[in-house]
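Chain residues, written in single-letter form:
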Amino acid sequence: MPETATPPAQLLTSLLRDVSRSFYLTLRALPGSIRPQIGLAYLLARATDTIADTEIVPVTQRLDALHQLRARILGQSITKLDFRGFTGGTAVPLPPHPTDQNQVPSLALKADAERRLLERIEEALTMLASFTSLDRGAIREVLATITSGQELDLRRFAGARKDQIVALKTDGELEDYTYQVAGCVGEFWTKICRGHLFPKAKLDDSKLLKQGVCFGKGLQLINILRDIPADLSMGRCYLPLDQLTERGLKPSDLLSPEHELRFRALYATYLDRAETYLADGWSYTNSLPYRCVRVRLACAWPILIGIQTLTKLRSADALHSLQPVKVTRNDVRKLIIRSVISYPLPGYWRQQFDAAKNSPSKPIASKLGFE
């Protein structure tokens, strides 16, 4: 059955839902005054990410396409974009090596949605031009940073493969990468919310922006730690060479089960760092005005899902897990229900972070008599 929504509405509803079901939950929680800006920024970032990850296209062509899209987003070009080289088949290629065949249908649907997004990129750019200059500037700023990180990533790993692993050189490079692809999103989110929802609230803006950056970096670091085996299979190692060398390890050692135990000490330090970043994100969430219920819930959900993921990662095989660690949909539903129930009760609300970390399957609702 054909969709009846207008094209812009499709972009921010059905298409956005199909390219990222988890983020769509967060987006739906946001007030309508900021939903379009954040939704469109996500779609544009997803488009650039799809271009960067389409491995059937040579790296040089991907870099050129990213440059063209970046120029259009920043208002530096009016040349119409044509990404048929990225969508010329029936779909954007699936992510490499899906380990669970039950995932293939959902991955195929997502790949098809990404193809449709590239085909409708001109509509997204038209929508960008319709925003106020302040919103347009914020979206352009965050996309400029994200695409810079994506371009750097493509160049860094241009020759990488499983038998020729390329690693980031220093811990500073890792910090810079997590900022470019995710930490900057925390800044963008903060600026949009501040400008539209609580412009006169008395807040420490410097601290809020810093915590917003940590929030984003924490979520990205979890993705990196969860995806180590998959990244290694493509010749990519996001854990820095200097840190591996200090522990007598080489990137290629991470392919061998015998090095798991020695690697765990380094792995634990990054799990701890991610947890610290999420704790900053939780402080950020609770610094926002209490009346901003929708925004605080939208912030809380990825943080609580993230801390539950970290708990699972601490007991999982770091290097040779057959499937990426993830929080189940049922647990996510429970988490959302608990957060909504707990919100009017500050004492229980403040406990959610520690409860998610220490007892991810124990429902807070039972304490409140809501089972």
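Just so you know, these numbers come straight off a predicted model, no measurement behind them.

Colleague: Describe the overall build of the protein chain, listing the residues and the values that go with them.
Modeller: If you tally the helices and strands in the protein chain, you get 17 helices and two strands. Considering the protein chain as a whole, with its 371 residues, one finds that 50% of them fall into the buried category. Counted over contacts in the protein chain with a minimum sequence separation of 6, partners at least 24 positions apart contribute 73%.

Colleague: Break down the environment of T178 for me, citing the residues and quoting the values.
Modeller: Along the chain, T178 falls in helix 9 (residues 171-196). For the pair formed by T178 and L219, sequence separation is 41 residues and the distance between their alpha carbons is 8.9 Å. Aside from chain neighbours lying at most four places away, what touches T178 is G183, K217, Q220 and I224. Within the structure, T178 has its side chain in polar contact with the backbone oxygen of E175 (distance 3.0 Å).

Colleague: Kindly report on the nonpolar core, identifying the contributing residues and their values.
Modeller: Membership of the largest hydrophobic core comes to 109 residues, with the highest contact counts inside it found for L44, F263 and V295. Apart from the residues lying within four places of it in its own chain, the contact partners of V295 are L30, P31, I34, W189, C193, L197 and L288.

Colleague: Report on the pattern of salt bridges, specifying residues and quantitative values.
Modeller: Following the criterion strictly, the structure yields 27 salt bridges and no others. A salt bridge links E119 to R115; the nearest nitrogen and oxygen atoms lie 2.9 Å apart. Here E119 pairs with R115, and both are found in helix 6 (residues 104-119), just four residues apart, close to one helical turn. A salt bridge links R161 to D163; its shortest N-O distance comes to 2.6 Å. Salt bridges linked by common partners bring R17, D18, D112, R115, R116 and E119 together as one network.

Colleague: Before we move on, could you go through empty space enclosed by the protein and cite the residues and values that matter?
Modeller: Enumeration according to the criterion identifies two cavities of 30 Å³ or more in this entry. Secondary-structure elements contributing two or more residues to the lining of the largest cavity are helix 11 (228-233) and strand 2 (236-237). Taken together, the residues of the lining of the largest cavity sort by class into seven nonpolar, no polar and two charged.

Colleague: I'd love a proper account of the packing of helix 3 (residues 35-53) against helix 4 (residues 59-73), names of residues and values included.
Modeller: Where helix 3 contacts helix 4, the axes come no closer than 8 Å and their chain directions differ by 165°. With respect to each other, helix 3 and helix 4 are oriented roughly antiparallel. Helix 4 is crossed by helix 3, and the crossing has right-handed handedness. For the pair formed by helix 3 and helix 4, the contact residues are L44, A47, T48, I51, A52 and D53 on the first element and R62, A65, L66, L69 and I73 on the second.

Colleague: Mind laying out the packing of helix 9 against helix 13 (residues 260-287), listing which residues take part and the relevant values?
Modeller: One way to put it is that helix 9 packs onto helix 13 with a least axis distance of 14 Å and a crossing angle of 15°. Judged by the angle between their axes, helix 9 and helix 13 are roughly parallel. Taken as a pair, helix 9 and helix 13 cross one another with a handedness that is right-handed. Mapping the contact onto sequence places D171, L174, E175, G186, W189 and T190 in helix 9 and Y270, R273, Y277 and Y284 in helix 13. Taken together, the residues of the contact of helix 9 with helix 13 sort by class into five nonpolar, two polar and three charged.

Colleague: Any chance you could break down the packing of aromatic side chains for me, citing the residues and the numbers?
Modeller: This model, assessed by the stated rule, comprises 10 aromatic pairs. Consider the rings of F83 and F86, whose centres lie 5.9 Å apart with planes at 90°: the pair is edge-to-face. As far as burial versus exposure is concerned, F83 and F86 are alike and both buried. Here F215 and Y284 contribute two aromatic rings whose centre-to-centre distance is 6.0 Å and whose plane-to-plane angle is 65°, an arrangement assigned as edge-to-face. Taken together, the positions of F215 in helix 10 (residues 205-226) and Y284 in helix 13 put the pair 69 residues apart, joining distant regions of the chain. The exposure classification of F215 matches that of Y284, with both residues buried. Site record: aromatic cluster; members linked through ring pairs are W282, Y290, Y343, W349 and F353.

Colleague: Now, about the environment of A298: what can you tell me, with residues and values included?
Modeller: Along the chain, A298 turns up in helix 14 (residues 293-315). Of the residues examined, A298 reaches a relative accessible area of 1% and is grouped as buried. Residues A298 and L27 lie 271 residues apart in sequence; the distance between their C-alpha atoms is 7.3 Å. In contact with A298, not counting residues within four places along its chain, are T26, A29, L30 and W189.

Procedures and definitions
Residues numbered from 1 in each chain as written. Predicted model: local features only at pLDDT ≥ 70, side-chain atom pairs only at ≥ 80, totals over all residues. Heavy atoms only, no water. Helix = DSSP H or I, 4+ residues; strand = E, 2+ residues; numbered from the N terminus. Buried < 20%, exposed > 50% of the residue type's maximum accessible area, 1.4 Å probe, protein only. Contact = heavy atoms within 4.5 Å. Polar contact = N/O pair within 3.5 Å; in protein donor to acceptor, adjacent residues only side chain to side chain. Core = buried A, V, L, I, M, F, W, Y, C linked by side-chain atoms within 4.5 Å. Salt bridge = Lys/Arg side-chain N within 4 Å of Asp/Glu carboxyl O. 1 Å grid on protein atoms, 1.4 Å probe; cavity = no way out; pocket = protein on both sides within 12 Å on 5 of 7 lines; lining within 4 Å. Points joined across faces, edges and corners; volume = space filled by probe spheres on them. Nonpolar A, V, L, I, M, F, W, Y, C, P; charged D, E, K, R; others polar. Axes fitted to C-alpha atoms, helices over the stretch in contact; angles between N-to-C directions. Parallel < 35°, antiparallel > 145°, perpendicular 65-115°, else oblique. Left-handed = near helix turned anticlockwise from the far one by under 90°. Phe/Tyr/Trp six-rings, centres within 6.5 Å; stacked < 30°, edge-to-face > 60°.

Function cannot be inferred from these measures alone, as they are strictly geometric.
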